[in-house]
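Here is how the chains run, residue by residue.
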Amino acid sequence: MQRIQVKACGKINLSLDVKKRLENGYHQVEMVMQQILLHDDVAVRWFENQNGRVEIEVSTNRPYLPRDSRNLAYKAADLMIRQYGEARSGKIRIDIKKRIPVAAGLAGGSSNGAAVLHALNQLWSLGLTVKDMCEMGSELGSDVPFSIMGQAKENPDLGLANDPLAAHCAVARGTGTDLEPIIGLKSHLVLTKPSIGVSTAEVYQGLALDKIEERPNTAELVAALAEKNYKIIQKNMINVLENFTLTRYPNVMYTKNKVERLFDEEAVLMSGSGPTIFALCRNRGEAQRAYEELKAYNKETFWTRTTY
């Protein structure tokens with residue numbers, strides 16, 4: 001038996017713009033994705049045997065999570081079997097210790113799928129690059145490639161921290177899988193998730209593109225991140241999906257308003273399609289105070305920071 005454990009970090013969107021709706025039903029986006037320290041632990045074990053096939057077994061500390069092909073970690077293992085497991089025989093055992101909230105806009109499931117790709121790359125000595133795995137990961141979901149990039153940087157034991165695509169922050173274009181590594185943000189964060197789930201498909205389908213009045217300037221944001229110009233960073237921290245989610249889900253709007261009241265000038269934004277709201281914090285003390293107050297309102301509230 002061999003075992004690899006991966007720190008499967010979540011992400012926030014420092015910006016999110018939707019350019020247009022494509023004929024295939026997908027959307028062309030441009031966004032800045034930033035890895036955060038809040039993470040799941042994904043342990044993958046490989047038991048070799050002579051059964052003539054490769055089996056998958058998933059366990060998790062969250063009993064409500066699926067453990068079959070509905071789980072992205074399971075799907076990632078199945079994808080690796082189809083690509084590289086034909087001549088192998090044994091069992092892949094995946095143990096997921098969840099901390100990232102589910103259906104929160106933080107790429108929790110995507111991070112688990114990415115971790116499995118990384119782990120099997122090591123356990124099976126495949127020698128795949130970050131680009132190789134990102135191409136595979138795009139078949140699993142639009143957030144998986146970024147999770148692969150971030151995990152390569154955050155988990156040096158995987159041996160890919162110096163890969164050209166390993167990064168804590170990136171611009172994502174196309175359908176979200178065309179990634180450009182950039183200099184990221186260094187900040188404490190408070191995240192708070194209302195006790196609801198939001199359907200990403202519903203948000204994108206319901207978004208009225210012709211009624212969006214304010215959009216981020218991605219080039220300006222990227223330059224500001226490189227220069228650590230927080231005023232310009234905050235100016236461009238815009239998520240156009242808020243136009244739908246905050247209207248459709250009043251609890252998310254209420255949560256954002258509540259977080260904004262705790263901060264004078266710090267940026268407050270929804271991550272992904274929601275419902276998680278996050279705030280940049282000037283220092284550890286500000287983050288701790290906000291965490292204590294918001295924890296009493298939303299159980300799934302976290303004090304963390306960006307990775308860098």
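Residues numbered from 1 in each chain as written. Predicted model: local features only at pLDDT ≥ 70, side-chain atom pairs only at ≥ 80, totals over all residues. Heavy atoms only, no water.

It is worth spelling out the overall build of the chain at this point. When helices and strands are counted, the chain shows 10 helices and 10 strands. Relative to the compact-globule value of 19 Å for 308 residues, the chain shows a C-alpha radius of gyration of 19 Å, a close match. In terms of overall dimensions, the chain has C-alpha extents of about 60 × 40 × 35 Å along its principal axes. Across the chain, contacts joining residues at least 24 apart in sequence account for 74% of those joining residues at least 6 apart. (Helix = DSSP H or I, 4+ residues; strand = E, 2+ residues; numbered from the N terminus. Rg over C-alpha atoms; globule rule 2.2 N^0.38 Å. Contact = heavy atoms within 4.5 Å.)

Attention now moves to the environment of Ala290. Here Ala290 lies in helix H10 (residues 284-295). Of the residues examined, Ala290 reaches a relative accessible area of 5% and is grouped as buried. Residues Ala290 and Tyr308, spaced 18 residues apart in sequence, show a C-alpha to C-alpha distance of 22 Å. Each residue touching Ala290, except ones within four places of it in the same chain, is listed here: Val190, Leu262 and Phe263. (Buried < 20%, exposed > 50% of the residue type's maximum accessible area, 1.4 Å probe, protein only.)

This paragraph deals with unusual backbone geometry. Cis geometry marks the peptide bond from Gly274 to Pro275, where omega comes out at 5 degrees. Examined against the element boundaries, Pro275 turns out to sit in the loop between strand E8 (268-270) and strand E9 (277-281). Even without being glycine, Ala103 reaches a positive phi, approximately 50 degrees. Tracing the backbone shows Ala103 in the loop between strand E4 (90-97) and helix H2 (108-123). In this structure Ala103 comes out as partly exposed when scored by relative accessible area, which is 42%.

This paragraph deals with the nonpolar core. By size, the foremost hydrophobic cluster in this structure holds 73 residues, and its most contacted members are Val18, Val44, Ile92, Ile94, Val116 and Leu120. Once residues lying within four places of it in the same chain are set aside, the contact partners of Val18 are His27, Gln28, Val29, Tyr204, Leu207, Leu209, Arg215, Val240 and Leu241. Listed in part, the 24 residues of the second largest apolar core include Ile12, Leu14, Ile36 and Cys169. (Core = buried A, V, L, I, M, F, W, Y, C linked by side-chain atoms within 4.5 Å.)

Moving on to the pattern of salt bridges. This model, assessed by the stated rule, comprises 20 salt bridges. In this structure, Glu30 engages Arg173 in a salt bridge whose closest nitrogen and oxygen atoms are separated by 3.3 Å. Linking Glu30 in strand E2 (residues 27-48) with Arg173 in strand E5 (residues 169-174), this pair joins segments that are 143 residues apart in sequence. Owing to a relative accessible area of 30%, Arg173 belongs among the partly exposed residues under this scheme. Of the charged contacts, one joins Arg70 and Asp68 as a salt bridge, the two residues approaching to 3.0 Å between their closest N and O atoms. By relative accessible area, which is 63% here, Arg70 ends up exposed. (Salt bridge = Lys/Arg side-chain N within 4 Å of Asp/Glu carboxyl O.)

If you walk across this open sheet you meet the 4 strands as E8-E9-E7-E10, and the pairing is antiparallel. Strand pairing shows two members of the sheet lacking a second neighbour, E8 and strand E10 (300-305), which therefore form its edges. Strand after strand, the sheet turns through a mean of 20 degrees between neighbouring axes, direction not considered. Here E8 pairs with E9 via 3 bridges, running antiparallel. Following the sheet pairing, Met270 is matched in E9 by Ile277. (Pairing = 2+ DSSP bridges. Axes fitted to C-alpha atoms, helices over the stretch in contact; angles between N-to-C directions.)

In the structure shown here, the tally under the stated rule is 2 aromatic pairs. With a centroid separation of 5.4 Å and 80 degrees between ring planes, the pair formed by Trp46 and Trp124 is classed as edge-to-face. With Trp46 in strand E2 and Trp124 in the loop between H2 and helix H3 (130-137), this pair connects stretches of sequence that are 78 residues apart. For the pair Trp46 and Trp124, a shared accessibility class is recorded, and that class is buried. The interplanar angle of 55 degrees and the centroid separation of 5.5 Å between the aromatic rings of Tyr254 and Tyr297 together place this pair among those described as tilted. (Phe/Tyr/Trp six-rings, centres within 6.5 Å; stacked < 30°, edge-to-face > 60°.)

Moving on, we come to the pairing of strand E6 (residues 178-181). The pairing of E5 with E6 spans 4 bridges and is antiparallel. From the neighbouring strand, Val171 faces E6, where its bridge partner is Glu180.

Where H2 contacts helix H4 (residues 144-154), the two axes come as close as 8 Å, and the packing angle between them is 60 degrees. Taken as axis vectors, H2 and H4 run oblique relative to one another. Two packed elements cross with a definite hand, and for H2 against H4 that hand is right-handed. In this structure, H2 uses Ser110, Ser111, Ala114, Ala115, Leu117 and His118 to contact H4, whose residues at the interface are Val144, Ser147, Ile148, Gln151 and Ala152. The class makeup of the residues in the contact of H2 with H4 is 6 nonpolar, 5 polar and no charged. (Parallel < 35°, antiparallel > 145°, perpendicular 65-115°, else oblique. Left-handed = near helix turned anticlockwise from the far one by under 90°. Nonpolar A, V, L, I, M, F, W, Y, C, P; charged D, E, K, R; others polar.)

Because an α-helix packs 3.6 residues into every turn, residues spaced three or four apart end up facing the same way. Taking 1.5 Å per residue, 16 residues should reach 22 Å; H2 reaches 23 Å between its end C-alpha atoms and fits that length. Burial analysis of H2 places 14 of its 16 residues in the buried class, the great majority of the element. (Expected span 1.5 Å × (residues − 1).)

Note that all results are geometric; they support no functional claim without further evidence.
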